[in-house]
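Commentary on secondary and tertiary structure
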Amino acid sequence: MTRERIGRLVLRCFPHQARAQRGREMLDTMLDASSGSTRAFAFEAASLGFAGLRERASAGAKMSTASLVAEAFRRATVIWIALVLTVLLHPRLQSHWRPPHVLALLIPAVLICWVLGYRRAAGVCGIAMLTAGLERRFGSLGGPGSPLWCLLAWYAIPFVGFVLMVVGHSPPARALRGRAWLLPLSAIALLFASVDAFGILPGVLIGLSALTTVGLLLIAIDPRLWIATALVWTATGVYLSAMSAAQALDQAQVTDVAILLAWAAPTAIALTHAQAGWRRRAARQRGI
Amino acid sequence: MELRPAGYFALAAMIDGPLHGYAIMRRARELSDGRVRLSTGSLYSVLERAIGESLVVAGDWYLEGGRQRRDYALTPAGRTALQHESERMAQAARAVNVRLRATAGVQAA
């Protein structure tokens, strides 16, 4: 692999905009500064990569907590949709229930529109999907005694997310690479949908745990995926608590875990807010 | 705005006129007698922050020997910041030197 190619890979640590604007210049300067020495090249490449990650992190710190949370809601909605798709594709569910045609069209439509960068269209499809009667199917999961507010807890996040997709600022659609995080999510969803080794709920929770791990690994650079997964955990926790309160589930087994899960999103948002404030103060004090 | 050694010598490198990134790295090393060695990452971090604080302006891109370059120049605010920092350091050095000289005899005794 040539030095230029390694340099191009290292440049990927920078945010897209910085890379497009001054990537070539930085790469050429790095090649000049490290010419003739492998050790100098390794040092320069590491320094450039670290600067890129720091720039990514500072770009996140410049966003207000409200913008971060709004974007996390949109991502949580996409995760939620992928999990719903996983459940619907699961062999055990397929054997005794088929989704109505309108849902079979709208769920993939939401994901495709999102991946292609058409957020408003994804939001409109999503709201149509929610109103098309998906809740009837999930209502039956809670049993006939399931109170309406259990379902509201479960649907609150996707509803807010879809509304934010429609009314919120829509960034210009660009290369699909910006939504690369959807690929591992889709792989996990398909894996759990096609393998019948897990039950439906454990399979979904394992998939969500895997995505949460990815979000935690990226937390210093971009906390939005972590907040998004925390929002889905909170929805799950509130839903399970509500079901437990309605005695549709065994209280002793569910309540403690559910209450812990319900605190996931408030904790993630509070920590991110504190971290952003700390970073802004550090950036002011850091000087030039 | 506090200037740290890397930022101070990066700005000082542009006193004589606009320079491109690699030239700034070499000039900063010369000015500091080799004590400050700017890496590519730290150079562009410094330049981005300096541009954000209007201490430096960036020119247009051009090609030189197949390399993409852009010249960076100090603004009047950048010269002022550099002057304040050099005066602050000179004053700090003077204050310490005065005390060191005053106590040199006492230490020797």
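Rules and cut-offs
Residues numbered from 1 in each chain as written. Chains lettered and ligands numbered in written order. Predicted model: local features only at pLDDT ≥ 70, side-chain atom pairs only at ≥ 80, totals over all residues. Helix = DSSP H or I, 4+ residues; strand = E, 2+ residues; numbered from the N terminus. Contact = placed C-beta atoms within 7 Å. Pairing = 2+ DSSP bridges. Nonpolar A, V, L, I, M, F, W, Y, C, P; charged D, E, K, R; others polar.

1. A word on the overall build of chain B
- From N to C terminus, chain B includes 4 helices and 3 strands.
- Projected onto its principal axes, the C-alpha coordinates of chain B cover approximately 65 × 25 × 20 Å.
- Restricting the contact set of chain B to residue pairs at least 6 apart, pairs at least 24 apart contribute 45%.

2. Thoughts on the pairing of strand E3 (residues 67-74) of chain B
Residues and elements named next belong to chain B.
- Summarising the sheet, strand E1 (residues 19-20) and E3 pair through 2 bridges and their orientation is antiparallel. Bridge pairing in E3 links His 20 to Asp 71.
- As judged from the 7 bridges shared by strand E2 (residues 56-64) and E3, these two strands associate in the antiparallel manner. Bridge pairing links Ala 58 to Tyr 72 in E3.
- Hairpin connection from E2 to E3: 2 residues lie between these consecutive antiparallel strands, with Gly 65 at a positive phi of about 60°.

3. Topic: the interface of chain A and chain B
- Of the residues lining the interface, 17 residues belong to chain A; the matching set on chain B comes to 23 residues.
- Mapped by element, the contributors of at least two residues to the side of chain A that touches chain B are helix H2 (16-33) and helix H3 (38-62) of chain A.
- Element by element, the count of residues in the side of chain A that touches chain B is highest for H2(A), at 8 residues.
- In the side of chain A that touches chain B, the residues fall into 8 nonpolar, 3 polar and 6 charged.

In short, the description is geometric, and any link to function would need to be established separately.
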